[in-house]
Amino acid sequence: RMRKKIIDFTEINTKTCLNEQDWGMIQLDASQCSINAGFIVYSKTIDVTILQTKISEYNIAHGKVFEKWKILEDFCDVPKPNSIKCVDGKPTLYIK
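This is a predicted model, so every value here is computed, not measured. The numbering scheme is per chain: residues are counted from 1 as the chain's sequence reads. For this predicted model, a pLDDT threshold of at least 70 governs which residues receive local features, and a threshold of 80 or more governs which side-chain atom pairs are given and counted, while totals over whole chains, interfaces and linings are taken from all residues. No hydrogens and no water enter the side-chain calculation; it runs on all heavy atoms of the structure.

## Side note on the pattern of salt bridges
So, point 1. In what follows, salt bridge is the name for a side-chain nitrogen of Lys or Arg lying within 4 Å of a carboxyl oxygen of Asp or Glu. Applying the stated criterion to the full structure yields two salt bridges.
So, point 2. The shortest N-O distance in the salt bridge between Asp8 and Lys4 comes to 2.9 Å. Here Asp8 pairs with Lys4, and both are found in helix α1 (residues 2-10), just four residues apart, close to one helical turn.
So, point 3. Type-normalised accessible area, obtained with a 1.4 Å probe on protein chains alone, sets the label of each residue: buried when under 20%, exposed when over 50%, and partly exposed for intermediate values. Residue Asp8 is classed as partly exposed on the basis of its relative accessible area, which comes to 42%. Each helix is a run of H or I in the DSSP string that is no shorter than four residues. Each strand is a run of E no shorter than two, and both are numbered from the N terminus.

The structure is reproduced here in structure tokens:
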């Protein structure tokens, strides 16, 4: 639920991508094994400080669940995305 609220806050699903410069990327998941090494795209029109706070709260809650259930994080060497491209009106992370 927290993750969905973060994704909604990024405006990735409500804004059309016409210019890559209008978008930024930030790491959401601490685990780099997830898709895009845990990075997500966000519209630069949002308040990034609020986004960072939401991500921090998400990772704290996520860590507590892992601790409670004794789940070990898996650390992978997945390349981090380093660019954003507009593809069919959607901001998309790319690895060069």
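## Considering the packing of aromatic side chains
So, point 1. Side-chain rings of Phe, Tyr and Trp, where Trp is taken by its six-membered ring, are said to pair if the distance between their centres is within 6.5 Å; with planes under 30 degrees apart they count as stacked, over 60 as edge-to-face, and otherwise as tilted. Considering all chains together, one arrives at zero aromatic pairs under this definition.
So, point 2. Above the plane of the ring of Phe9 lies Lys54, whose end atom (NZ or CZ) is 5.2 Å from the centre.
So, point 3. Any Lys NZ or Arg CZ that is within 6 Å of a ring centre and within 35 degrees of that ring's normal is treated as a charge sitting over the ring. When the ring centre of Tyr94 is taken as reference, the NZ or CZ atom of Lys85 above it lies at 5.9 Å.

## Comments concerning the environment of Leu28
So, point 1. Mapped onto the elements, Leu28 comes out in the loop between β1 (23-27) and β2 (39-43).
So, point 2. With a relative accessible area of 0%, Leu28 lands in the buried category.
So, point 3. Leu28 sits 24 residues away from Gln52 along the chain, and the two C-alpha atoms are 8.8 Å apart.
So, point 4. We call two residues contacting when some pair of their heavy atoms lies within 4.5 Å. Setting aside its immediate chain neighbours within four residues, Leu28 contacts Arg3, Ile6, Ile7, Gly38, Phe39, Ile40, Ile55, Tyr58 and Asn59.

## Section: the side chain of Ser83
So, point 1. Structurally, the position occupied by Ser83 is in strand β3 (residues 83-87).
So, point 2. Classification of Ser83 as buried rests on a relative accessible area of 10%.
So, point 3. Contact partners of Ser83, with chain neighbours within four places excluded, come to Met25, Thr92, Leu93, Tyr94 and Lys96.

## Looking at the environment of Tyr94
So, point 1. In this fold, Tyr94 is placed in strand β4 (residues 90-94).
So, point 2. For Tyr94, a relative accessible area of 33% gives the class partly exposed.
So, point 3. Considering only alpha carbons, one finds Tyr94 and Ser83, eleven residues apart in sequence, at a separation of 5.2 Å.

## As for the pairing of β4
So, point 1. Here β4 shows a buried face lined by Pro91 and Leu93 and an unburied face lined by Lys90, Thr92 and Tyr94.
So, point 2. Two strands qualify as a pair provided DSSP detects at least 2 bridges between them. Of the pairings in the sheet, the one linking β3 to β4 comprises five bridges and is antiparallel in character. Note that in β4 the partner of Ser83 across the bridge is Tyr94.
So, point 3. Connecting β3 to the next strand, β4, in antiparallel fashion are two residues, including Asp88 with a positive phi near 50 degrees.

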